[in-house]
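Residues per chain, in single letters:
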Amino acid sequence: MTTPTTDDSWTVAGRTFRSRLIVGTGKYKDFAQNAAALEASGAEIVTVAVRRVNVSDPKAPMLTDYIDPKKVTYLPNTAGCFTAEDAIRTLRLAREAGGWDLVKLEVLGEARTLYPDMRETLKATEVLAKEGFLPMVYCVDDPIAAKQLESAGAVAVMPLGAPIGSGLGIQNRVTIRLIVEGASVPVLVDAGVGTASDAAVAMELGVDGVLMNTAIAEAKDPIRMARAMRLAVEAGRDSYLAGRMATRKYADPSSPLAGLI
Amino acid sequence: MTDMLNLTVNGEPRRIAAGASVADLVADIGLTPAKVAVERNALIVPRSTLGDVQLTDGDVLEIVHFVGGG
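Residues numbered from 1 in each chain as written. Chains lettered and ligands numbered in written order. Predicted model: local features only at pLDDT ≥ 70, side-chain atom pairs only at ≥ 80, totals over all residues. Heavy atoms only, no water.

## Topic: the overall build of chain A
Each helix and strand in chain A was counted, giving nine helices and 10 strands. When the backbone C-alpha atoms are referred to their principal axes, chain A occupies close to 85 × 40 × 35 Å. Across the 261 residues in chain A, those meeting the buried criterion constitute 50%. Restricting the contact set of chain A to residue pairs at least 6 apart, pairs at least 24 apart contribute 65%. Total accessible area computed for chain A in this model is approximately 13,000 Å², and 52% of it derives from carbon and sulfur atoms. Measuring between centres, the 29 positive side-chain charges of chain A sit 2 Å from its 31 negative side-chain charges. (Helix = DSSP H or I, 4+ residues; strand = E, 2+ residues; numbered from the N terminus. Buried < 20%, exposed > 50% of the residue type's maximum accessible area, 1.4 Å probe, protein only. Contact = heavy atoms within 4.5 Å. Areas by Shrake-Rupley, 256 points an atom, 1.4 Å probe, with all protein chains shown as cover. Lys, Arg positive; Asp, Glu negative; His and termini not counted. Charge placed at Lys NZ, Arg CZ, Asp CG, Glu CD.)

## Focus: the nonpolar core
A:V157, A:V207, A:M212, A:I216 and A:M229 are the most contacted members of the largest nonpolar core, which has 68 residues in total. Among the elements that make up this core, the one with the highest residue count is helix α3 (residues 84–98) of chain A (seven residues). Not counting the four nearest positions on each side in its chain, A:M212 is found in contact with A:L21, A:I22, A:V23, A:G24, A:V193, A:A199 and A:M229. Ranked by size, the runner-up nonpolar core spans 21 residues in total, among them B:V9, B:I16, B:V36 and B:L50. (Core = buried A, V, L, I, M, F, W, Y, C linked by side-chain atoms within 4.5 Å.)

## With respect to empty space enclosed by the protein
Residues and elements named next belong to chain A. Within this structure, the stated rule accounts for one cavity of 30 Å³ or more. Forming the walls of the largest cavity are P143, A146, K147, E150, L178, I179, G182 and A183. At the level of secondary structure, the elements contributing two or more residues to the lining of the largest cavity comprise α5 (143–152) and α6 (173–182). Among the elements that take part in the lining of the largest cavity, α5 stands out by supplying four residues, more than any other. A per-class count over the lining of the largest cavity returns five nonpolar, one polar and two charged. (1 Å grid on protein atoms, 1.4 Å probe; cavity = no way out; pocket = protein on both sides within 12 Å on 5 of 7 lines; lining within 4 Å. Points joined across faces, edges and corners; volume = space filled by probe spheres on them. Nonpolar A, V, L, I, M, F, W, Y, C, P; charged D, E, K, R; others polar.)

## Side note on the sheet that holds strand β6 (residues 102–105) of chain A
Two orientations exist for strands paired in a sheet by backbone hydrogen bonds: parallel and antiparallel. Residue and element names in this part refer to chain A. A sheet is described by the order of its strands in space; here three strands give the open sequence β6-β7-β8, paired in parallel fashion. Edge strands, defined here as strands with exactly one partner in the open sheet, are β6 and β8 (156–159). Averaged over neighbouring strand pairs, the angle between their axes works out to 20° when direction is ignored. Relative to β8, strand β7 (residues 134–139) is paired through four bridges, and the arrangement is parallel. If you follow C139 over to β8, its bridge partner there is P159. (Pairing = 2+ DSSP bridges. Axes fitted to C-alpha atoms, helices over the stretch in contact; angles between N-to-C directions.)

## Section: the pattern of salt bridges
Inspection of the entire model under this criterion finds 17 salt bridges over all chains. For B:K35, the salt bridge is made with A:D65, and the minimal N-O distance between the two is 2.9 Å. Highlighted residues: B:K35 in the loop between α1 (22–29) and β3 (37–40) and A:D65 in helix α2 (residues 63–66), drawn from two different chains. The closest approach of N and O atoms between A:E120 and A:K123, which form a salt bridge, is 3.0 Å. Taken together, the residues A:E120 and A:K123, both in helix α4 (residues 118–130) and three residues apart, mark about one turn of the helix. Of the residues examined, A:E120 reaches a relative accessible area of 14% and is grouped as buried. For A:K123, a relative accessible area of 43% translates into the label partly exposed. Salt bridges linked by common partners bring A:D8, A:R20 and A:R237 together as one network. (Salt bridge = Lys/Arg side-chain N within 4 Å of Asp/Glu carboxyl O.)

## Section: α4(A)
All names here are of chain A. With 13 residues, α4 should reach 18 Å at 1.5 Å per residue; the first-to-last C-alpha distance of 18 Å fits that figure. Among the residues of α4, those classed as buried are M118, E120, T121, A124, T125 and L128. For α4, the angular spread of buried residues about the axis comes to 150°, placing them on one side. Residues R119 and K130 are exposed on α4 and point more than 90 degrees away from its buried face. As for α4, its buried residues are in contact with α3, β6, β7 and α5. Where α4 begins, the capping side chain belongs to D117, and its oxygen is found 3.1 Å from the backbone nitrogen of R119. (Expected span 1.5 Å × (residues − 1). Arc of directions from axis to C-beta. Polar contact = N/O pair within 3.5 Å; in protein donor to acceptor, adjacent residues only side chain to side chain.)

## Re the UniProt feature "active site" (unreviewed entry) in chain A
As annotated in UniProt, the feature "active site" (unreviewed entry) corresponds to A:K104 in the numbering used here. Note on placement: A:K104 falls in strand β6. With near-sequence residues (within four places) excluded, A:K104 lies in contact with A:T47, A:L75, A:P76, A:N77, A:T78, A:L91, A:M136, A:Y138, A:M158, A:D190, A:L211 and B:G70. (UniProt positions renumbered as here; feature names shortened; annotations may be inferred.)

## Remarks on the packing of α5(A) against α6(A)
All names here are of chain A. Across the interface, α5 lies against α6 with an axial gap of 9 Å and an inter-helix angle of 35°. Both α5 and α6 take part in a crossing whose hand is right-handed. Along its contact with α5, which presents P143, A146, K147 and E150, the element α6 presents L178, I179 and G182. Taken together, the residues of the contact of α5 with α6 break down into four nonpolar, one polar and two charged. (Left-handed = near helix turned anticlockwise from the far one by under 90°.)

## Brief notes about the UniProt feature "domain: Thiazole synthase ThiG" (unreviewed entry) in chain A
The sites that UniProt annotates as "domain: Thiazole synthase ThiG" (unreviewed entry) are residues 12–256 of chain A. Taken end to end, residues 12–256 of chain A has its terminal C-alpha atoms 47 Å apart, with 40% of it in helix and 16% in strand.

## Notes on the state of the cysteines
Enumeration over the complete set of coordinates arrives at zero disulfides over all chains. As a non-bridged cysteine, A:C81 has A:C139 as the owner of its nearest cysteine sulfur, 17 Å distant. (Disulfide = S-S within 2.5 Å.)

Listed below in structure tokens is the structure:
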């Protein structure tokens with residue numbers, strides 16, 4: 001008998017999703033490839049950025065022409081913002097442009113590592129929550145910072161597995177696990193996943209989901225990698241729910257010793 | 001001769017006839033209002049009021065939309 005995984009949904013700020021994979025929409029060759037990768041990933045949420053329209057080419061194709069915001073949940077981000085003020089301004093515009101209050105907050109500390117500035121992040125979380133936003137917050141893999149964000153109104157905490165775009169995989173499983181154990185909001189690993197096994201590792205730690213962009217977009221075959229990520233997230237989740245075997249120091253034969261000839 | 005207003009739109013200078021509203025500007029650029037958000041002098045102009053807000057000389061406008069991002 002197998003345990004069905006189809007009803008293993010997760011809920012953030014009252015919204016329920018089946019897929020535990022959130023994908024970005026940056027760095028793709030074109031919108032068509034992006035849309036095909038999204039389809040293969042099975043993701044129900046995509047992150048999007050807010051930028052100036054090209055006033056000199058107003059009829060240029062737009063993301064919304066390829067990925068229908070009525071079918072896929074758009075999660076506007078604050079990528080590129082280095083202060084709470086900039087991030088808040090960006091998300092106010094995003095809410096006006098799309099009408100969504102579920103947002104991804106990231107306030108960066110420096111360009112080289114794109115590590116979050118937690119002081120600004122916390123400040124922005126408080127303001128956004130007061131203004132009725134539902135911020136899912138990119139953060140350091142620090143269990144105390146995660147709790148502070150939760151108290152400030154984060155509807156999900158999203159610790160990095162490794163720096164944005166690095167593809168280094170989950171660098172500190174212990175802190176990610178501590179965050180999972182201490183959180184009462186969903187925890188998603190955001191950033192650092194490079195390949196499918198990294199996504200499985202994250203899910204095996206008990207996180208509610210994984211958010212990634214570059215690992216899919218910069219794969220040689222992004223559509224195939226999107227599928228691999230879907231399967232890895234499902235496999236990691238199942239593995240976590242199944243409960244892994246204990247480890248031993250030495251071998252333990254799988255075949256019975258009794259009845260040996 | 002019609003008076004012209006000097007605006008800054010997404011960091012670029014732009015001129016429009018006096019009396020124009022934010023909605024007129026969006027149409028003048030060739031954008032679909034439903035796909036963009038407009039900020040005028042650092043304050044959001046709600047989409048429902050784009051037609052009611054008159055532009056004034058020296059206004060700084062930001063017009064944004066969603067693009068791919070992670």
